[in-house]
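# Examination of the molecular architecture
Each chain, written out:
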Amino acid sequence: MSDESINRFACFGGRCAVLVSGRGPAGDADQATALVRRRMLDWHDQFTRFEDDSELSELNRDPRETVPASAIMLRLVRAAVHAARLTGGLVDPTLLGELESAGYRRSLGVLGGPTGVAIRQALRAAPARRPAMPRSDARWRDIVVDERAGTITRPPGLRIDLGGTAKGTFGDLLATVLDGHDSFAVDAAGDVRFGGHNTLARPIAVAAPAGGAVLHTFELQQGAAATSGIGRRAWSDAEGHPSHHLLDPATGRPAFTGLVQVTALATTGLEAELRAKAALLSGPARAAEWLPDGGATIDDDGVVTVFAPSAALTVPSRVKVGA
Amino acid sequence: MHEDLSPTPRSRRVAAGEKLAARRRRTRAIRRRVAGMSLATFLAASGAVLIQLVTGHDPALGHSTHTAATAVASRTAQSGSSSSPTTSVARHEDSRSAVTSSSSSRPDSASTGSARSGGRSGSAAAASPSAVTTSAS
């Protein structure tokens with residue numbers, strides 16, 4: 001096997017990396033990492049909600065009920081609705097207004113974020129812990145993706161936040177290209193998709209909510225890992241209340257469930273992303289139900305619980321990609 | 001009349017020679033044991049490293065992550081069984097200590113770049129994929 005080409009860059013509000021070994025559909029390893037990097041940067045510009053001229057912002061502003069959309073946009077919105085359906089509405093793509101009301105109006109990565117607060121301080125001031133619940137009106141059910149017509153239909157004014165499900169889906173899309181190489185890993189700002197022809201295990205390290213220390217390292221051959229947590233994107237809102245970007249859909253307020261971070265393993269990036277978020281929102285008592293392929297949780301007291309990876313991630317087999 | 005029982009100069013030389021020879025034998029035995037143990041230790045350590053490399057777990061490629069993981073989660077098991085979900089529990093003291101005020105996210109020349117891992121090829125160990133970190137974004 002040839003050397004591993006590694007390309008690191010800033011994207012999606014965080015640090016990204018592409019690692020590829022061997023020749024494949026995307027050329028040699030260097031060509032493959034360069035190609036993937038270009039695609040990720042293009043996708044960031046196309047789908048960020050923090051730029052007025054992005055396709056997502058234009059969709060959210062569009063007064064029509066049915067709006068034409070690009071093929072990738074159709075795929076991303078379909079993935080977001082799929083995540084909502086699988087989680088019973090816990091992972092809800094229609095909470096953009098609530099997210100902005102909580103203070104998350106700008107990219108934390110670009111501007112340094114709202115006033116940072118220590119997790120300890122936030123947890124001390126946070127309301128009583130309880131599992132998050134879905135919204136009773138389930139607005140996400142009003143979103144309809146018509147791939148044949150190339151349109152997205154939703155009530156005008158209902159804005160969509162692609163959030164982490166987009167990063168997971170990007171990893172899955174890139175995996176369809178990179179799977180023909182000896183090995184690859186795509187790190188989309190913490191959402192990791194990995195695989196390839198060879199059967200060598202890749203170390204997948206789980207970082208701590210703050211400080212970046214490694215809490216645990218999985219040795220996995222293929223699949224995906226995603227981490228959801230309140231550590232990095234936390235701030236004090238206008239009233240001084242502790243806030244973060246993971247909302248309880250039922251209340252529209254930041255969720256404090258007793259968990260500060262969850263890492264989920266899965267065969268696809270989308271699954272890993274929705275599982276991590278659903279596990280964190282479900283709280284410590286039910287998080288394990290969302291981690292059938294393994295993962296790790298950290299509770300408010302700093303207790304780390306590791307769930308062993310399933311055979312699907314440690315035994316080579318072809319992974320079906322799709323929302 | 002008493003016999004003179006004190007050792008003669010000759011018998012004293014013989015005894016001293018025997019004592020010296022015994023000491024040399026003991027010294028040789030100790031040297032052999034030390035050399036043998038050193039060789040055995042070296043072979044055992046080399047064998048362990050060789051096995052680790054052959055199985056694709058080059059410690060040089062994941063040194064920092066493995067060290068930290070060992071320090072924090074001391075009972076982790078990574079066999080791929082899904083039937084026993086919880087494999088370890090450990091306390092992470094740092095998880096409540098600091099948060100956010102994140103770093104720059106826009107592409108910039110100082111924070112971007114390409115690299116090649118190691119420049120090694122050929123052996124299974126050298127081909128081990130590099131570690132990747134998943135973190136909350």
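Described in the following lines is the structure provided in the data block. (Residues numbered from 1 in each chain as written. Chains lettered and ligands numbered in written order. Predicted model: local features only at pLDDT ≥ 70, side-chain atom pairs only at ≥ 80, totals over all residues. Heavy atoms only, no water.)

## Some remarks on the side chain of Glu4(A)
Among the structural elements, Glu4(A) can be located in strand β1 (residues 4-11). A polar side-chain atom of Glu4(A) sits 3.1 Å from a polar atom in the side chain of Arg202(A). A distance of 2.4 Å separates polar atoms of two side chains, one belonging to Glu4(A) and the other to Ser130(B). (Helix = DSSP H or I, 4+ residues; strand = E, 2+ residues; numbered from the N terminus. Polar contact = N/O pair within 3.5 Å; in protein donor to acceptor, adjacent residues only side chain to side chain.)

## Some details on the pairing of strand β15 (residues 259-266) of chain A
Residues and elements named next belong to chain A. A large share of β15 lies buried, amounting to 8 of its 8 residues. Inspection of the sheet shows β15 paired to strand β16 (residues 295-299) by 5 bridges, in the antiparallel sense. By the bridge assignment, Thr-263 is partnered in β16 with Ala-296. (Buried < 20%, exposed > 50% of the residue type's maximum accessible area, 1.4 Å probe, protein only. Pairing = 2+ DSSP bridges.)

## What about the sheet that holds strand β3 (residues 132-134) of chain B?
A sheet is described by the order of its strands in space; here 3 strands give the open sequence β9(A)-β8(A)-β3(B), paired in mixed fashion. At either margin of the open sheet sits one strand with a lone partner, and together these are β9 (214-220) of chain A together with β3 of chain B. Strand-to-strand, the axes of this sheet are offset by a mean angle of 30 degrees, without reference to chain direction. (Axes fitted to C-alpha atoms, helices over the stretch in contact; angles between N-to-C directions.)

## Side note on the environment of Asp248(A)
All names here are of chain A. Among the secondary structure elements, Asp-248 is positioned in strand β13 (residues 247-248). What makes Asp-248 buried here is its relative accessible area of 4%. In sequence terms Asp-248 and Val-186 are 62 residues apart; their C-alpha atoms lie 29 Å from each other. Setting aside residues no more than four positions away along its own chain, Asp-248 makes contact with Arg-130, Pro-131, Ala-132, Met-133, Arg-253, Pro-254 and Ala-255. Here Ala-250 takes part through its backbone nitrogen, which lies 3.0 Å from a polar atom of the side chain of Asp-248. (Contact = heavy atoms within 4.5 Å.)

## Here's the deal with the pairing of strand β17 (residues 303-307) of chain A
All names here are of chain A. Counting buried positions along β17 gives 5 out of 5 residues, so the element sits mostly inside the fold. One ladder, built from 4 bridges, connects β16 with β17; its direction is antiparallel. By the bridge assignment, Thr-297 is partnered in β17 with Thr-305. The antiparallel pairing of β16 with β17 creates a hairpin that spans 3 residues between the two strands, and Gly-302 there sits at a positive phi of about 85 degrees.

## Focus on unusual backbone geometry
All names here are of chain A. A positive phi angle, near 40 degrees, is found at Ala-138, a position not held by glycine. With respect to the helices, strands and loops of the structure, Ala-138 is situated in the loop between α6 (119-125) and β4 (144-146). Of the residues examined, Ala-138 reaches a relative accessible area of 13% and is grouped as buried. One non-glycine residue, Ala-189, lies in positive phi territory at about 50 degrees. Relative to the elements of secondary structure, Ala-189 occurs in the loop between β6 (183-188) and β7 (191-195).

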